Amino acid sequence: MTTAVERSMILPMVQQIMVKDNNPDAWRKNLIQLHIFEAQEAKDLSDRELSLIHHALLVQKFSQLPTEELLREAEKHQVQYHVSFDQDDFQMGAVCY
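What you are looking at is a predicted structure, and each value in this text was computed from that prediction instead of being measured.

Analysis parameters
Residues numbered from 1 in each chain as written. Predicted model: local features only at pLDDT ≥ 70, side-chain atom pairs only at ≥ 80, totals over all residues. Heavy atoms only, no water. Salt bridge = Lys/Arg side-chain N within 4 Å of Asp/Glu carboxyl O. Helix = DSSP H or I, 4+ residues; strand = E, 2+ residues; numbered from the N terminus. Contact = heavy atoms within 4.5 Å.

Trainee: How would you sum up the pattern of salt bridges? Please name residues and give values.
Mentor: Applying the stated criterion across every chain yields a total of three salt bridges. A salt bridge links Arg28 to Asp25, with the nearest nitrogen and oxygen atoms 3.4 Å apart. In this pair, Arg28 and Asp25 both sit in helix α2 (residues 24–33), three residues apart, roughly one turn of the helix. Lys76 is the salt-bridge partner of Glu73, the closest N and O atoms lying 3.9 Å from each other. Of the two residues, Glu73 and Lys76 both sit in helix α5 (residues 67–76), three residues apart, roughly one turn of that helix.

As structure tokens, then:
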């Protein structure tokens, strides 16, 4: 189960990966290798459809990762991030600590 911080990190991370690694041909090959689509079916997909499918697969993959692996993926893809606590969360964390 992912934490709130992880969930809030996944979508921006996926968006950054999608922009950086914009390669519909590689996404199409991946769908065939994963046996999600047959070759002709994958060929018939538009770039927009491929993008949506690839986005969903990345979100699913990252949502299932433990925190340590998620952070490794962020480093691997050179995703810049920062964690900020709003006033109430910081105070609750300090009390719990």
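Trainee: Give a detailed account of the environment of Leu57, specifying residues and quantitative values.
Mentor: Examined against the element boundaries, Leu57 turns out to sit in helix α4 (residues 47–63). In this structure the C-alpha to C-alpha distance between Leu57 and Leu31, which are 26 residues apart in sequence, comes to 9.8 Å. Setting aside residues up to four positions removed in sequence, Leu57 forms contacts with Leu31 and Ile36.

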